[in-house]
Amino acid sequence: MLTRRIARPLMAGIFIQGGIDVLRNPGPRAQRAEPVTTKLAEALPLPDDTETLVKLNAAVHIGAGTLLALGKLPRLSATALALSLVPTTAAGHRFWEEETPQSKAMQRTHFLKNLAILGGLIIAATDTEGAPSLGWRARRAAGRAAEKATDVLPVG
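Quick summary incoming for the structure in this document. (Residues numbered from 1 in each chain as written. Predicted model: local features only at pLDDT ≥ 70, side-chain atom pairs only at ≥ 80, totals over all residues. Heavy atoms only, no water.)

The phi dihedral of Leu73 falls on the positive side, at around 45 degrees, and the residue is not glycine. Looking at the secondary structure, you find Leu73 in the loop between helix H3 (50–70) and helix H4 (74–92). (Helix = DSSP H or I, 4+ residues; strand = E, 2+ residues; numbered from the N terminus.)

Put into structure tokens, the structure is as follows:
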């Protein structure tokens, strides 16, 4: 559908460009993310080097963003982007910690923008392009198997 061919690259562009920017200059993002990545590294089996985590996240953004833009594995790439966007938003746009009204407003805007993009990614990740979902197909197959079982096995 034309809508998908237009919408996917539009959504993917911010991830591709942002990922390239981060790979070129990871320092500022790593510094901003440090408080969050330190806590995550304690709880999860992640490297405790924030710059490495920021670069890995950027690579996910570039790779999955490119796949989404090209319409290749769109549900998987949208899921990967959505999953990476949550820690990106939590680490990079902690508006509640800002001291000045201007920086608080700017970070809140970025936080809400990321939530809006997350909504679009959730739609893209669950878009079956008109085909029945895996859950629907599984329920239908189970129903057919149950019908066949009752036809073959005597009841009572």
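The next point concerns the pattern of salt bridges. Throughout the structure, instances matching the rule amount to 6 salt bridges. Of the charged contacts in the structure, one is a salt bridge between Arg4 and Asp127, with a shortest N-O distance of 2.4 Å. Taken together, the positions of Arg4 in helix H1 (residues 2–24) and Asp127 in the loop between helix H5 (101–126) and helix H6 (134–152) put the pair 123 residues apart, joining distant regions of the chain. A salt bridge links Asp127 to Arg8; its shortest N-O distance comes to 3.8 Å. Remark: Arg8 occurs in helix H1 and Asp127 occurs in the loop between H5 and H6; sequence separation between them is 119 residues. Relative accessible area serves as the criterion here: at 18%, Asp127 is assigned to the buried category. In this structure Arg8 comes out as buried when scored by relative accessible area, which is 10%. Through salt bridges with shared partners, one network takes in Arg4, Arg8, Asp127 and Glu129. (Salt bridge = Lys/Arg side-chain N within 4 Å of Asp/Glu carboxyl O. Buried < 20%, exposed > 50% of the residue type's maximum accessible area, 1.4 Å probe, protein only.)

Such coordinate-based values are descriptive only and should not be taken to indicate function.
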